[in-house]
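The residues making up each chain are set out below.
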Amino acid sequence: MKVAIGADHAGVNIKGDIIKVIQELGMEVIDLGCDCHDSVDYPDYAIPVAEKVASGEADRGILICGTGIGMSIAANKVNGIRCALVHDLFSAKATRLHNDSNVLAMGERIIGPGLATEIAKVWLETDYEAGRHARRVGKITEYEVKE
Ligand code: RB5
């Protein structure tokens, strides 16, 4: 599995911790930056990560900013992206099981590295349940195709 990852200046510390988790799980990392604490703009990282996933070059994406909100708003503008903003373990699992989320967003100003890395691990390791959820996810895809 290939995982694209991106962060702005407010998420760069946790990005490093999550890269280690991805590698420990035996998955490939596509690191799209940023790599510094200078102020940058989150859409410049969210959109390239989302596009990697939408094109199939990456299987999943992970985005970190201060709150995760800007990243998730930007990523969800890309067709085919179901980006979930998650700050707890229950939601990390549920959004994979029910929504087949293909991008995960988190906020480094909200949670610490311990919880963020656990969330990433659960989210990466949980498979989509499909079944009754496939009809609902399908309705989102149908809407996108019509647009
Ligand atoms: C940057 O200050 C902050 O606005 C950004 O990281 C994020 O929280 C936006 O949603």
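Check the entry above for the structure.
Residues numbered from 1 in each chain as written. Predicted model: local features only at pLDDT ≥ 70, side-chain atom pairs only at ≥ 80, totals over all residues. Heavy atoms only, no water.

Student: Run through the site of the ligand, naming residues and quoting values.
Tutor: Inspection of the region around the ligand gives D8, H9, A10, Y42, C65, G66, T67, G70 and R109 as its neighbouring residues. T67 places a main-chain nitrogen or oxygen 3.0 Å from an oxygen atom of the ligand. Contact with the protein chains removes 72% of the 290 Å² of surface that the ligand exposes when unbound. Of the residues assigned to the shell around the ligand, the class counts are 3 nonpolar, 4 polar and 2 charged. (Near = heavy atom within 4 Å. Polar contact = N/O pair within 3.5 Å; in protein donor to acceptor, adjacent residues only side chain to side chain. Areas by Shrake-Rupley, 256 points an atom, 1.4 Å probe, with all protein chains shown as cover. Nonpolar A, V, L, I, M, F, W, Y, C, P; charged D, E, K, R; others polar.)

Student: A description of helix 5 (residues 113–125) should follow, citing residues and the corresponding values.
Tutor: Helical geometry: 3.6 residues make up each α-helical turn, so side chains three or four residues apart lie on a common side. With 13 residues, helix 5 extends 18 Å between its outermost C-alpha atoms, agreeing within 8% with the 18 Å of an ideal straight helix rising 1.5 Å per residue. Taken together, the buried positions of helix 5 are occupied by A116, T117, I119, A120, W123 and L124. End-on view of helix 5: buried residues confined to an arc of 160°, all on one side of the axis. For helix 5, the elements touching its buried residues are strand 1 (2–7), helix 1 (12–24), strand 3 (60–65), helix 4 (89–99) and strand 5 (103–107). (Helix = DSSP H or I, 4+ residues; strand = E, 2+ residues; numbered from the N terminus. Expected span 1.5 Å × (residues − 1). Buried < 20%, exposed > 50% of the residue type's maximum accessible area, 1.4 Å probe, protein only. Arc of directions from axis to C-beta. Contact = heavy atoms within 4.5 Å.)

Student: Just give me the short version of the pattern of salt bridges, but keep the residues and values in it.
Tutor: Taken as a whole, this structure holds 5 salt bridges when the rule is applied. Taking the shortest distance from any N to any O, the salt bridge between K52 and E57 comes out at 3.0 Å. Residues D100 and R82 are paired through a salt bridge, measuring 3.3 Å at the closest nitrogen-oxygen approach. Taken together, the residues D100 in the loop between helix 4 and strand 5 and R82 in the loop between helix 3 (69–75) and strand 4 (83–85) connect sequence positions 18 residues apart. Salt bridges linked by common partners bring K15, D31 and D35 together as one network. (Salt bridge = Lys/Arg side-chain N within 4 Å of Asp/Glu carboxyl O.)

Without other data, these values stay purely geometric and don't point to any function.
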